[in-house]
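The chain contents come next:
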Amino acid sequence: MIQENFSLRALNTFGIEAHARFYAPFYKVEGLLELLNFVRANRLPLLVLGGGSNVLFTKDFDGVVLHNRISGKRIVQEEDEWVWIEAAAGENWHELVMWTIDHELGGLENLSLIPGYAGAAPIQNIGAYGVELKEVFHSLEAVEISTGKIFSFTAAECRFGYRDSVFKREGRNQFIITNITLRLQNMRCGKPYHYRVEYGDIAKQLEVMGVQQLSPRAVSEAIIAIRRSKLPDPSELGNAGSFFKNPLVSAAHYAQIVAEYGQTPHYPAEDGKVKIPAAWLIEKCGWKGKRVGNTGSHSRQALVLVNYGGATGKEIWECALQIQQSVKEKFGIALEPEVNVY
Ligand code: FAD
Ligand code: NAP
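Let me sum up the structure you'll find in this document. Remember, it's a predicted structure, so these values are computed and weren't measured experimentally.

**Considering the overall build of the protein**
Line of reasoning, step 1. Each helix and strand in the protein was counted, giving 8 helices and 21 strands.
Line of reasoning, step 2. Against the 2.2 N^0.38 benchmark of 20 Å for 342 residues, the protein shows a C-alpha radius of gyration of 21 Å, consistent with a compact globule.
Line of reasoning, step 3. Along the longest, intermediate and shortest principal axes, the C-alpha atoms of the protein span 60 × 55 × 35 Å.
Line of reasoning, step 4. Classification of the 342 residues of the protein by burial places 51% in the buried group.
Line of reasoning, step 5. Once local pairs closer than 6 in sequence are excluded, the contacts in the protein between residues at least 24 apart make up 61%.
Line of reasoning, step 6. Taken as a whole, the protein presents about 16300 Å² of accessible surface, with 48% of it coming from carbon and sulfur.
Line of reasoning, step 7. Across the protein, 36 positive and 38 negative side-chain charges occur, with their mean positions spaced 4 Å apart.

**Topic: the sheet that holds strand 1 (residues 3-7)**
Line of reasoning, step 1. The mixed open sheet is built from 4 strands, whose spatial order is 1-2-5-3. The sheet is open, and its two edges are formed by strand 1 and strand 3 (46-49), each paired on a single side. Each strand axis lies, on average, 45° off the axis of its neighbour in the sheet, ignoring direction.
Line of reasoning, step 2. Where strand 1 lies against strand 2 (residues 19-26), 4 bridges are found, and the strand directions are antiparallel. Paired with Glu-4 across the two strands is Phe-22, which belongs to strand 2.
Line of reasoning, step 3. Contacts from helix 1 (residues 29-41) reach strand 2, strand 3 and strand 5 (61-68) within the one sheet, and its direction differs from that of strand 2 by about 150°.

**Observations concerning the sheet that holds strand 17 (residues 274-275)**
Line of reasoning, step 1. Spatially, 15-17-16 is the arrangement adopted by the 3 strands of the open sheet, whose pairing is antiparallel. Looking along the sheet, the strands with just one partner apiece sit at the ends: strand 15 (248-249) and strand 16 (267-268).
Line of reasoning, step 2. Bridging between strand 15 and strand 17 involves 2 bridges; their strand directions are antiparallel. Paired with Leu-248 across the two strands is Lys-275, which belongs to strand 17.

**Re the pairing of strand 11 (residues 137-144)**
Line of reasoning, step 1. The buried fraction of strand 11 is high, at 6 of 8 residues.
Line of reasoning, step 2. In terms of strand pairing, strand 11 meets strand 13 (residues 175-186) through 7 bridges, oriented antiparallel. Within strand 13, the residue paired with Ala-142 across the bridge is Ile-177.
Line of reasoning, step 3. Bridge analysis of strand 11 against strand 12 (residues 150-154) gives 5 bridges, and the strand direction is antiparallel. In the strand pairing of strand 12, Val-143 is matched with Ile-150.
Line of reasoning, step 4. The antiparallel hairpin formed by strand 11 and strand 12 contains 5 residues in its connecting segment, where Gly-148 sits at a positive phi of about 80°.

**What about the environment of Gly-63?**
Line of reasoning, step 1. Among the secondary structure elements, Gly-63 is positioned in strand 5.
Line of reasoning, step 2. Exposure remark for Gly-63: the relative accessible area of 0% places this residue in the buried category.
Line of reasoning, step 3. Along the chain, Gly-63 and Leu-46 lie 17 residues apart, while their C-alpha atoms are 5.8 Å from each other.
Line of reasoning, step 4. Those residues within four positions of Gly-63 in sequence are excluded, and the remaining contacts are Ala-20, Arg-21, Phe-22 and Pro-45.

**Regarding the site of ligand 2**
Line of reasoning, step 1. Close contacts around ligand 2 come from 16 residues, with Tyr-162, Lys-230, Lys-275, Gln-301 and Glu-338 the closest.
Line of reasoning, step 2. At 2.6 Å from an oxygen atom of ligand 2 is found a side-chain nitrogen or oxygen belonging to Lys-230.
Line of reasoning, step 3. Ser-242 is positioned with one of its backbone polar atoms (N or O) 2.8 Å from an oxygen atom of ligand 2.
Line of reasoning, step 4. For the shell around ligand 2, the secondary structure elements donating two or more residues are helix 5 (216-230) and strand 14 (238-242).
Line of reasoning, step 5. For the shell around ligand 2, the residue count by class is 7 nonpolar, 4 polar and 5 charged.

So, how was this worked out
- Residues numbered from 1 in each chain as written.
- Chains lettered and ligands numbered in written order.
- Predicted model: local features only at pLDDT ≥ 70, side-chain atom pairs only at ≥ 80, totals over all residues.
- Heavy atoms only, no water.
- Helix = DSSP H or I, 4+ residues; strand = E, 2+ residues; numbered from the N terminus.
- Rg over C-alpha atoms; globule rule 2.2 N^0.38 Å.
- Buried < 20%, exposed > 50% of the residue type's maximum accessible area, 1.4 Å probe, protein only.
- Contact = heavy atoms within 4.5 Å.
- Areas by Shrake-Rupley, 256 points an atom, 1.4 Å probe, with all protein chains shown as cover.
- Lys, Arg positive; Asp, Glu negative; His and termini not counted.
- Charge placed at Lys NZ, Arg CZ, Asp CG, Glu CD.
- Pairing = 2+ DSSP bridges.
- Axes fitted to C-alpha atoms, helices over the stretch in contact; angles between N-to-C directions.
- Near = heavy atom within 4 Å.
- Polar contact = N/O pair within 3.5 Å; in protein donor to acceptor, adjacent residues only side chain to side chain.
- Nonpolar A, V, L, I, M, F, W, Y, C, P; charged D, E, K, R; others polar.

Here it is as structure tokens:
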């Protein structure tokens with residue numbers, strides 16, 4: 001059912017009050033195709049929403065918001081070491097991770113507690129604690145908005161990059177992802193499994209928890225504990241996670257920053273580039289924990305902008321632009337928003 005002048009406040013983790021001219025959830029691909037006929041017939045702008053954990057509404061949306069509620073997950077193929085699972089796009093991501101762990105499948109544990117739905121995971125190739133979705137991704141199905149045709153995309157066709165995919169570039173606003181298929185490791189097959197525990201405090205946290213034998217569940221629990229200790233819970237303090245991507249700069253630019261500011265945290269990145277944590281750059285500009293009206297940079301993680309209550313999307317966006325400008329002036333780096341701004 002299509003509703004008019006619909007409040008999106010409960011549907012975005014920033015908790016921003018914005019209205020959609022039209023809103024409709026869809027529970028099946030057939031329902032989505034019918035709604036797309038309505039969108040095309042009325043030539044309306046379209047926004048597809050999952051969990052709303054990576055969006056910032058700076059104004060009302062003068063078009064149709066389609067809310068992905070297609071559910072279902074299943075094992076589609078099993079072959080000794082590998083198991084392929086399919087998840088409908090409206091499945092809650094973290095619940096999916098827990099389901100794979102319950103089925104003794106390895107591969108998603110480092111991606112525990114990321115908010116949002118499965119269908120949005122490929123959009124920015126979600127990543128955390130040294131693991132990216134692309135490492136376990138097999139394929140996805142998506143409906144082309146202009147024709148209603150269903151297309152299948154392999155990992156190569158998704159052109160995954162650092163917090164990036166074809167759906168953020170050439171394919172932007174052209175497809176609605178309806179399901180994803182992942183290839184995970186069967187933990188019962190007896191083959192060696194490569195745990196990813198070298199990142200940050202994971203090993204330390206496992207030790208604190210007294211873990212003697214690694215398992216996907218133990219790693220997941222360690223990640224959950226670290227995340228809970230550091231990141232604001234959107235149900236208590238509105239936010240959309242990291243507001244900006246970590247910039248990848250040339251080696252020469254990095255050397256210039258070190259020459260000017262001394263020791264700078266950095267990590268090797270694609271194409272010989274150097275990744276500098278955006279949180280460090282923002283902190284060096286004096287923004288960490290700074291409040292501007294109803295918004296600001298979080299005191300424990302400078303990269304997360306928060307809604308202290310009653311903030312407008314415009315207010316948060318203006319704060320983000322000020323941070324962007326500070327970092328540009330001080331370091332010559334143009335921070336790119338990770339959050340999708342509407
Ligand atoms: P939404 O916010 O609903 O949508 C995001 C974008 O994708 C929008 O442009 C939307 O139009 C589009 N979209 C959504 N669903 C579809 C679909 N089915 N088809 C086509 N387009 C679609 N991200 C990480 O990568 N790593 C993290 O560790 C991480 N931690 C986070 C922690 C917190 C506390 C928060 C609030 C966010 C975090 N995020 C993280 C960001 C966010 O959770 C992820 O990007 C997540 O995948 C977004 O899913 P969603 O369903 O909420 O997407
Ligand atoms: P952190 O551990 O304090 O590290 C700060 C930054 O340094 C991270 O962004 C990370 O880049 C980079 N980094 C740290 N150790 C690294 C290593 N061994 N190799 C490569 N890069 C390294 O970060 P945090 O804020 O607490 O977040 C922890 C993880 O959760 C990160 O992976 C982060 O991306 C993810 N996260 C993402 C969001 C989001 O909205 N996108 C929100 C919260 C947390 P990477 O970000 O590239 O890993």
